[in-house]
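As a plain string of letters, each chain reads:
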Amino acid sequence: MMTSTGLANLLPCDRRRSLFPDGRRLPPRGSSCSAAAAIGIGNSLIKATLDTARRMRCRRLVLDTMPASSAIAAYEALGFQRIDPYWNNILPVIYYGKTL
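Computed from a prediction, not measured in an experiment: that's the story for all the values here. Numbers given for residues are sequential positions, taken from 1 along each chain in its written order. Confidence filtering applies because this is a predicted model: local features only for residues at pLDDT of at least 70, side-chain atom pairs given and counted only at 80 or more, and all residues used for totals across whole chains, interfaces and linings. Processing note: side-chain calculations cover all non-hydrogen atoms of the structure and skip hydrogens and water entirely.

Novice: Help me understand the pairing of strand 5 (residues 94-99) in this model?
Specialist: Taken residue by residue, a regular strand's side chains alternate between the two faces of the sheet. Relative accessibility thresholds used throughout: buried, under 20% of the residue-type maximum; exposed, over 50%; partly exposed, between the two (1.4 Å probe, protein chains only). Only DSSP runs of H or I covering at least 4 residues are called helices, and only runs of E covering at least 2 are called strands; the numbering of each starts at the N terminus. Within strand 5, five of the six residues are buried, which leaves it mostly tucked inside the rest of the structure. Strands pair, by our definition, only if DSSP identifies at least two bridges between them. Two strands pair when backbone bridges link them, and strand 3 (residues 60-65) and strand 5 are joined in this way by six bridges, in the antiparallel orientation. Residue pairing across strands places D64 opposite Y95, the latter belonging to strand 5. Direction of pairing for strand 4 (residues 81-82) relative to strand 5: antiparallel, over a ladder of two bridges. Its bridge partner lying in strand 5, Q81 is registered against G97.

So this is what it looks like as C-alpha cells:
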C-alpha cells in the first residue's frame, strides 16, 4: 500500500498545494497529472477510500467533482451514482453517492 508521503513524492506536478502540516503536497483540485493517471493512482485511491470506509462501518460515501473531471468515469465504474446536492456549493459541481 502506498502512503500519502510516497504518493506526494511520486507525482511530478508543478502546481501543488500543501495538504499536510509537514509540507507534503498533492495536486490542487481539478488538476491532472499524467504520470499519476498513467499508473492508475486515482482509481487506487478511490478503492482504498471505499475499503477504509467499509472498515469504519460507514454506510454511505458522497463526493462532488467538477463536470469536466476525468474521475467521473472512475466514480461511475466503481458504483457511484449521481445524487441531489448535499450542500450549497458555489462551484458548478456534480454530486455522487455510493451506498456501502
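Novice: When you look at the environment of A71 in this model, what are you seeing that I'm missing?
Specialist: Checked against the element boundaries, A71 lands in helix 4 (residues 71-77). Along the backbone, A71 and G42 are 29 residues apart, and their C-alpha atoms lie at a distance of 7.5 Å.

Novice: Looking at this structure, how should I read the nonpolar core?
Specialist: A general tendency of soluble globular proteins is for nonpolar side chains to be buried together. Counting residues in hydrophobic clusters, the biggest one holds twelve residues: I46, L50, A53, L61, L63, A71, I72, Y75, L78, F80, I94 and Y96. Contacts are residue-level and defined by heavy atoms, with any inter-residue pair within 4.5 Å sufficient. Every residue in contact with Y96, bar those within four places of it in the chain, is listed here: L61, V62, L63, T65, I72, E76, F80, Q81, R82 and I83. Think of a nonpolar core as a cluster: buried Ala, Val, Leu, Ile, Met, Phe, Trp, Tyr and Cys residues, connected wherever their side-chain atoms sit within 4.5 Å.

Novice: What's the story with the sheet that holds strand 4 in this structure? I'm lost.
Specialist: One open sheet accounts for three strands, arranged 3-5-4; its pairing is antiparallel. Each end of this open sheet is capped by a strand with a single partner; those strands are strand 3 and strand 4.

Novice: Would you take a moment to explain a nonpolar patch on the surface for this structure?
Specialist: Residues qualify for a patch when their relative accessible area is over 30% and they have no salt bridge, like charges being joined within 9 Å and the nonpolar side chains of Val, Leu, Ile, Met, Phe, Trp and Tyr within 5 Å. All accessible areas in this document rest on Shrake-Rupley with a 1.4 Å probe, and a residue is counted as covered only by the protein chains that are shown. Throughout this description, the term salt bridge denotes a Lys or Arg side-chain nitrogen within 4 Å of a carboxyl oxygen of Asp or Glu. On the surface, V62, Y86 and W87 cluster together into a nonpolar patch covering about 300 Å² of accessible area. Relative to the assigned elements, Y86 resides in the loop between strand 4 and strand 5. For Y86, a relative accessible area of 35% puts it in the partly exposed group.

Novice: Looking at this structure, how should I read the pattern of salt bridges?
Specialist: Here the idea is simple: oppositely charged side chains can pair when their charged atoms come close. Counted under the stated rule, the structure contains one salt bridge. A salt bridge links D51 to R54; its shortest N-O distance comes to 3.8 Å. In this pair, D51 and R54 are both assigned in helix 3 (residues 41-55), three residues apart and thus about one turn of the helix distant.

Novice: Just checking my understanding: could you explain the confidence of the model for the protein chain for this structure?
Specialist: How sure the predictor is of each residue is captured by pLDDT, a score from 0 to 100. Residues of the protein chain with pLDDT of at least 70 account for 61%, and the chain-wide mean is 75. The element-level mean pLDDT for the protein chain is lowest in helix 1 (residues 4-10), coming to 44, with strand 4 highest at 97. Overall, residues 1-19 carries pLDDT values under 50, and its contacts beyond four positions in sequence, including any with other chains, amount to 43 contacts.

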